[in-house]
Amino acid sequence: MAHTSPGASGSAGLEGRRARPETGRWRRVAGRRRGLVGSGLPPLIAFICGWALVAWRTAGTLAAALRAATWVRRDSNQYLKIAAHGYRATTHCTHAPAAPGQVVHLCGNISWLPAYPALLRLVSLSGLSLPAAGIVVAWICWYLTLVMVWVLTAQAPTPNRWACLLLAAVFPGQVYFAAVFPISMCTLLMLVSVRAATVSHRLLPCAGAAFVAGATYPLALALAPGLLLAAAFAGGSRHVLRVCVAGAVAVLAGFGAVLGYAQLTVGKWNAYFITEREEYGVQTHVPWRVFVDHIAPLWTGLATPLPGAPPPTKPHVHGPVDVAGITTARQSLLLAIVVALATVITIRAGARRRPRRLDPIDAALLMTAVTAWIIPYIGGGSVSIYRSEACVLVIVPLLRRLRWWQTGIAVACATWIAIDLAPLFASNTLV
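Reading the values: rules and limits
- Residues numbered from 1 in each chain as written.
- Predicted model: local features only at pLDDT ≥ 70, side-chain atom pairs only at ≥ 80, totals over all residues.
- Heavy atoms only, no water.
- Helix = DSSP H or I, 4+ residues; strand = E, 2+ residues; numbered from the N terminus.
- Buried < 20%, exposed > 50% of the residue type's maximum accessible area, 1.4 Å probe, protein only.
- Contact = heavy atoms within 4.5 Å.
- Areas by Shrake-Rupley, 256 points an atom, 1.4 Å probe, with all protein chains shown as cover.
- Expected span 1.5 Å × (residues − 1).
- Polar contact = N/O pair within 3.5 Å; in protein donor to acceptor, adjacent residues only side chain to side chain.
- Patch = residues over 30% accessible without salt bridge, like charges linked within 9 Å, V, L, I, M, F, W, Y side chains within 5 Å.
- Salt bridge = Lys/Arg side-chain N within 4 Å of Asp/Glu carboxyl O.
- Phe/Tyr/Trp six-rings, centres within 6.5 Å; stacked < 30°, edge-to-face > 60°.
- Lys NZ or Arg CZ within 6 Å of the ring centre and 35° of its normal.
- Axes fitted to C-alpha atoms, helices over the stretch in contact; angles between N-to-C directions.
- Parallel < 35°, antiparallel > 145°, perpendicular 65-115°, else oblique.
- Left-handed = near helix turned anticlockwise from the far one by under 90°.
- Nonpolar A, V, L, I, M, F, W, Y, C, P; charged D, E, K, R; others polar.
- pLDDT = per-residue confidence, 0-100.

## As for the overall build of the protein chain
Move 1: When its secondary structure is counted, the protein chain shows 18 helices and 2 strands.
Move 2: Per-residue burial for the protein chain yields a buried fraction of 50% across its 431 residues.
Move 3: Pairs at least 24 apart in sequence give 76% of the contacts found in the protein chain among residues at least 6 apart.
Move 4: Total accessible area on the protein chain stands at roughly 19,900 Å², and carbon and sulfur atoms take up 65% of it.

## What to know about helix α8 (residues 183–198)
Move 1: Given a rise of 1.5 Å per residue, 16 residues ought to cover 22 Å, and the 23 Å separating the end C-alpha atoms of α8 matches this to within 8%.
Move 2: The buried count for α8 comes to 14 of 16 residues, which makes it a mostly enclosed element.

## Considering the side chain of Gln174
Move 1: Note on placement: Gln174 falls in the loop between α6 (158–169) and α7 (175–178).
Move 2: Here the side chain of Gln174 touches Gly50 through a polar contact of 2.9 Å, landing on its backbone oxygen.
Move 3: Sequence-distant contacts of Gln174, defined by excluding residues within four places in its chain, comprise Gly50, Leu53, Val54, Trp142, Ala169 and Ala418.

## Some details on helix α12 (residues 271–278)
Move 1: Within α12, burial applies to Ala271, Tyr272, Ile274, Thr275 and Glu276.
Move 2: Considering only its buried residues, α12 is in contact with α11 (238–266).

## Description of the side chain of Thr368
Move 1: Examined against the element boundaries, Thr368 turns out to sit in helix α16 (residues 360–379).
Move 2: Judged by its relative accessible area of 1%, Thr368 is buried.
Move 3: With near-sequence residues (within four places) excluded, Thr368 lies in contact with Met190, Ala222, Leu223, Gly226 and Val394.

## Section: a nonpolar patch on the surface
Move 1: On the surface, a nonpolar cluster with roughly 740 Å² of combined accessible area is contributed by Val286, Trp288, Val292, Leu298, Trp299, Leu333, Ile337 and Leu341.
Move 2: Elements that contribute at least two residues to the nonpolar patch include exactly α13 (287–295), α14 (297–300) and α15 (320–352).
Move 3: On the secondary structure map, Trp288 appears in helix α13.

## What about the packing of aromatic side chains?
Move 1: Applying the stated criterion to the full structure yields 21 aromatic pairs.
Move 2: A ring pair is formed by Tyr79 and Phe181, whose centres lie 6.1 Å apart and whose planes are at 70 degrees; its orientation type is edge-to-face. Of this pair, Tyr79 sits in helix α3 (residues 76–85) while Phe181 sits in the loop between α7 and α8, placing them 102 residues apart in sequence.
Move 3: With a relative accessible area of 0%, Phe181 lands in the buried category.
Move 4: Ring centres of Tyr176 and Phe181 lie 5.1 Å apart, and the angle between their planes is 85 degrees; this geometry places the pair in the edge-to-face category.
Move 5: Across the ring face of Trp56, the terminal group of Arg57 is positioned such that the distance to the ring centre comes to 5.2 Å.

## Some thoughts on the packing of helix α9 (residues 203–214) against α11
Move 1: One way to put it is that α9 packs onto α11 with a least axis distance of 7 Å and a crossing angle of 30 degrees. Between α9 and α11, the interaxial angle falls into the category roughly parallel. The interaxial crossing formed by α9 with α11 has right-handed handedness. Packed against α9, whose contacting residues are Leu203, Cys206, Ala207, Ala210, Phe211 and Gly214, the element α11 presents Arg242, Val243, Ala246, Gly247, Ala250, Val251, Ala253, Gly254, Phe255, Ala257 and Val258 at the interface.
Move 2: Counted by class, the contact of α9 with α11 contains 13 nonpolar, 3 polar and 1 charged residues.

## A short note on the confidence of the model for the protein chain
Move 1: On average, residues of the protein chain carry a pLDDT of 87, and 84% of them reach 70 or more.
Move 2: Under a pLDDT of 50 for its full length, residues 96–101 has, in the predicted model, 4 contacts with residues more than four places off or in other chains.
Move 3: The low-confidence segment residues 306–321, where pLDDT is below 50, has 30 contacts with residues more than four positions distant or belonging to other chains.

## Describing the pattern of salt bridges
Move 1: Scanning the model with the defined rule gives 6 salt bridges in all.
Move 2: The partner of Asp359 in a salt bridge is Arg353, with the nearest N and O atoms 3.9 Å apart.
Move 3: What makes Arg353 partly exposed here is its relative accessible area of 32%.
Move 4: Each of Asp362, Arg400 and Arg401 takes part in one network of salt bridges that share partners.

## Some remarks on the packing of helix α5 (residues 130–152) against α6
Move 1: Between α5 and α6, the least distance of the axes is 9 Å, while the angle of their chain directions is 155 degrees. With respect to each other, α5 and α6 are oriented roughly antiparallel. Between α5 and α6 lies a crossing whose hand is right-handed. Contacts between α5 and α6 involve Trp142, Leu146, Val149, Trp150 and Val151 from the first element and Arg161, Trp162, Cys164, Leu165, Ala168 and Ala169 from the second.
Move 2: Here the contact of α5 with α6 is built from residues that sort into 10 nonpolar, no polar and 1 charged.

## Some words on the environment of Phe255
Move 1: Positionally, Phe255 belongs in helix α11.
Move 2: With 35 residues separating them in the primary sequence, Phe255 and Ala220 have C-alpha atoms 9.0 Å apart.
Move 3: Setting aside residues up to four positions removed in sequence, Phe255 forms contacts with Leu113, Gly214, Ala215, Leu221, Tyr272 and Phe273.

## Examining unusual backbone geometry
Move 1: For the bond from Arg354 to Pro355, the omega torsion is 0 degrees, close enough to zero to count as cis.
Move 2: Located in the positive-phi region is Asn428, a residue other than glycine, with phi close to 65 degrees.
Move 3: By secondary structure assignment, the location of Asn428 is in the segment after α18 (404–426).
Move 4: With a relative accessible area of 33%, Asn428 lands in the partly exposed category.

Next up, the structure:
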């Protein structure tokens, strides 16, 4: 029988004790890696599916889909001009001069917020052209938005999570996530801010994301009531209350920074409001009336202009204007149904909790989404409602309580609409 000396035994025991923590550390590292893959791979699959759909309908070929020019349409040029030259404004507009005592018309690129162009300018320092930087930023933000949707539905069964993820990939207005527009950047920042406020309770990420969002797209201002409602359901936690209020103030400050930038560059802090009112007819409307007018093509077959918008240039029944009106009306009707469903199931879930109140993250997402959805109908005018509707994507995590096949019906409808909408964007029919 072999004998082990006490010294050898002690040495072996010491080595064993040293090995166990090392093994545990590597297990933790491996676990984190698996977690990263688990959080990043499903959104990547959804992103590829969503991108392939819109690329097929917009570009037709892979080579065309990878060209930046394919994704630059209409208002994309305004963001590129801001990235290249900053804000420009003039009173020499195509409209008639203002009468004595009226506000002087302003036109230029002051109706488009500067955070996205500033990021394009920064990315272009790597040697990319501004249009190429535009699609790189848009696609990365689109993918990260899908990551946030996957993370925010973590408590749901896997089939439900996949259904929500696929809906986010083909969400109404999907083509604007892929194009040189700030929509995907806006949705990403809103979701990051909401999660930081209501889940991780981290002030700097919440306020930082909210501030940049406020300077990225006007509908990001819907974050303010969303975060304030979350604060109301925070259960008396002073820290959560402080983080939510800071985020609400930060998004307003971000938009305020845009007004300050306009003052520095064109000499009018209110240039945005003047242009929206005088050039685009944005003012206060009764939202349900604007909504009914917007979806009227579904039963009239004709494109009905919004209040303050110019009349259609091709009013005949089978023209492209009518196709655009019918397609965007279908999208708006689908989104209205999604918003209604999300509202009902979220309020029901809050009523079943003890105490009976909404979860703060549900409150923030619901109020943010509903506010972002209704603002364009209040403003009316020639607002591109079909584009603004893409910002309501923040409502998708609330659908995790539906059965997967129920969300799947919304996915099928959204896919059908995306198939029709993308060519309208490619042909410059939509702005």
